[in-house]
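# Coordinate inspection notes
Listed below, chain by chain, are the residues.
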Amino acid sequence: MLADAVRIARWAADGTQPGSAALAAQVLERASETLALPPGQILAGWDRARLAGLVELHGDTVRPGWRLRAWDRDDSAVLRGWVALFDAWSLVHVAPEGVEPTAVAEAIEAVPQVLSLLQLSAGPVAVPVLLDLLAQRVAELHEERCEVPYADGERPGAGRPDDAAAPGRPEDLNALLLDWALEGLAAVGALTLEPGHATLTPLGNWAVWVKLEQICVAAQSPAGNIEQSAADMLLGCARLTPGPARDEYRAWIAARTVGSAVTELLTVARGEDALLRGLAFEALRVVGAPAEPEVRAQLQHPSLRPYALLWLAEYDGMDPDDAQEILSRAEATWLWVDTAAAVADHGETGLLVRHLDSAVQGTVPALLDEVRAVGHPRTVQVLVALAAAHPDPALAKAMRRAAFQVHTGDPSA
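Predicted model only: the values in this text are computed from it and were never measured.

Attention now goes to the overall build of the protein. Helix and strand counts for the protein stand at 22 helices and five strands. The buried share of the protein, reckoned over its 413 residues, is 42%. Looking at the protein as shown, the accessible area adds up to about 21000 Å², and 55% of this sits on carbon and sulfur atoms.

Listed below in structure tokens is the structure:
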């Protein structure tokens, strides 16, 4: 199903081909010659490569998507690529001409019920049965929107020249749209069509289970944060223990596309709240492989680099307790200050004092020397909070002095 798409994606993402949503004539000709495929097959494969996330377009540059990079070593990347194609079946198989977009959208919205019936039947289902189900679901959608049924010929826009190809009767329109939907699902390998009936393929059966699982995960949100923004969801998880927090992350992510969830979490991580930064990367651990390219890109951002390095180390199989060793001394110190800022803003005084024990420097004077040099924007506030909380007057005085030196920029003050 995606073999041509993979070949074309690898050819296009080698860094020498210009990128665009539609292949230019000269690029199409070059691809056809190099890959020994006819132009029509090249165009279809290119379209599927984009829909399956095998390539990413960045301006005029084609880059390999994470699925393409993991294609030969990670079966889940292959399955996720196919699921992305499955989700885009209505783009792979263009809707009939002359049918109103609203009617097409209603048919797309009814397709999950059609697929569920096919899955529950565990075998061929007669097309008339599927047509009755689609018509029932479309009628329910009209009722939910408080729409009044139109008599034959009174549908809005009926009689216009560009609607000439669209059937006038609702039952004819539903039949046309069901045929289109079944053909689209067959085109991506989700079902097979035989005269008078349709049957889910093993891939299609698996995809329906995946969608049902996502719905179930989303329904198990312990704190009810599914509809919240990433920032509000993370704040809602701040007081949860790790297990329930991960359940909440999974539910929130399942209710969104993976790409939009990753983008929203990283946007929060780039903000000023250090607690949300750490929690955002905890949520990204639940995402796993699809987040890897975007997390890797954060290595260029000083504020996110330590978090990204630890995430990538654990993603590659390193024990979390050992992952800290990959950080440079400056990165570890920066992360220590950032974590202290989170504790100062959201935690308890005693926890902030105990945080001193986690510093790699081993002694408070050595820690203060390196904290002054690391350049974290919250250094002054962290040192002042530590000085106010620490029970040892001498150490508290040293922290206040270090805070003053950072504030004034004068190390001799």
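Before going further, it helps to examine the nonpolar core. Counting 61 residues, the largest nonpolar core has Leu234, Tyr249, Leu265, Phe281, Leu284, Val295 and Trp336 as the members making the most contacts within it. Ignoring any residue separated from it by four or fewer positions in sequence, one finds Leu265 in contact with Ala230, Met233, Leu234, Trp252, Ala280, Ala283 and Leu284. If you look at the next biggest cluster of nonpolar residues, it comprises 54 residues, including Ala49, Leu177, Leu182 and Val208.

Okay, the packing of helix α11 (residues 230-237) against helix α12 (residues 242-254) next. Helix-helix packing is described using two parameters, namely the angle between the two axes and the distance between the axes. Taken N-terminus to C-terminus, the directions of α11 and α12 make an angle of 160 degrees; their axes are 10 Å apart at the nearest point. Relative to α12, α11 is oriented roughly antiparallel. The chirality of how α11 crosses α12 is right-handed. Counting all contacts with α11, which are made through Ala230, Met233, Leu234 and Cys237, the residues of α12 involved are Ala245, Glu248, Tyr249 and Trp252. Considered class by class, the residues forming the contact of α11 with α12 number seven nonpolar, no polar and one charged.

Adjacent strands of a sheet form backbone hydrogen bonds with each other and so pair up, either parallel or antiparallel. Here three strands make up an open sheet; going across it, the order is β3-β5-β4 and the pairing antiparallel. Each of the sheet's edge strands pairs with one partner strand only, and the pair in question is β3 (125-126) and β4 (191-194). Relative to strand β5 (residues 197-200), β4 runs antiparallel, the two sharing four bridges. Pairing of Leu193 across the sheet is with Ala198, part of β5. Here helix α7 (residues 101-121) sits on the sheet in contact with β3, β4 and β5, set at roughly 75 degrees to β5.

Turning to a negative patch on the surface, a few remarks are in order. The grouping of Asp319, Asp321, Asp322 and Glu325 at the surface amounts to a negative patch. Of note, Asp322 is situated in helix α17 (residues 320-323).

The next thing to look at is helix α16 (residues 305-315). Most of α16 is tucked away: eight of the eleven residues are buried. Within α16, burial applies to Pro306, Tyr307, Ala308, Leu309, Leu310, Trp311, Leu312 and Ala313. Looking at the buried positions of α16, the neighbouring elements they touch are α14 (274-287), α15 (292-297), α17 and α18 (329-346). Immediately downstream of α16, the backbone of Gly317 shows phi near 105 degrees, a positive value.

The rules behind the values
Residues numbered from 1 in each chain as written. Predicted model: local features only at pLDDT ≥ 70, side-chain atom pairs only at ≥ 80, totals over all residues. Heavy atoms only, no water. Helix = DSSP H or I, 4+ residues; strand = E, 2+ residues; numbered from the N terminus. Buried < 20%, exposed > 50% of the residue type's maximum accessible area, 1.4 Å probe, protein only. Areas by Shrake-Rupley, 256 points an atom, 1.4 Å probe, with all protein chains shown as cover. Core = buried A, V, L, I, M, F, W, Y, C linked by side-chain atoms within 4.5 Å. Contact = heavy atoms within 4.5 Å. Axes fitted to C-alpha atoms, helices over the stretch in contact; angles between N-to-C directions. Parallel < 35°, antiparallel > 145°, perpendicular 65-115°, else oblique. Left-handed = near helix turned anticlockwise from the far one by under 90°. Nonpolar A, V, L, I, M, F, W, Y, C, P; charged D, E, K, R; others polar. Pairing = 2+ DSSP bridges. Patch = residues over 30% accessible without salt bridge, like charges linked within 9 Å, V, L, I, M, F, W, Y side chains within 5 Å. Salt bridge = Lys/Arg side-chain N within 4 Å of Asp/Glu carboxyl O. Lys, Arg positive; Asp, Glu negative; His and termini not counted. Charge placed at Lys NZ, Arg CZ, Asp CG, Glu CD.

Such coordinate-based values are descriptive only and should not be taken to indicate function.
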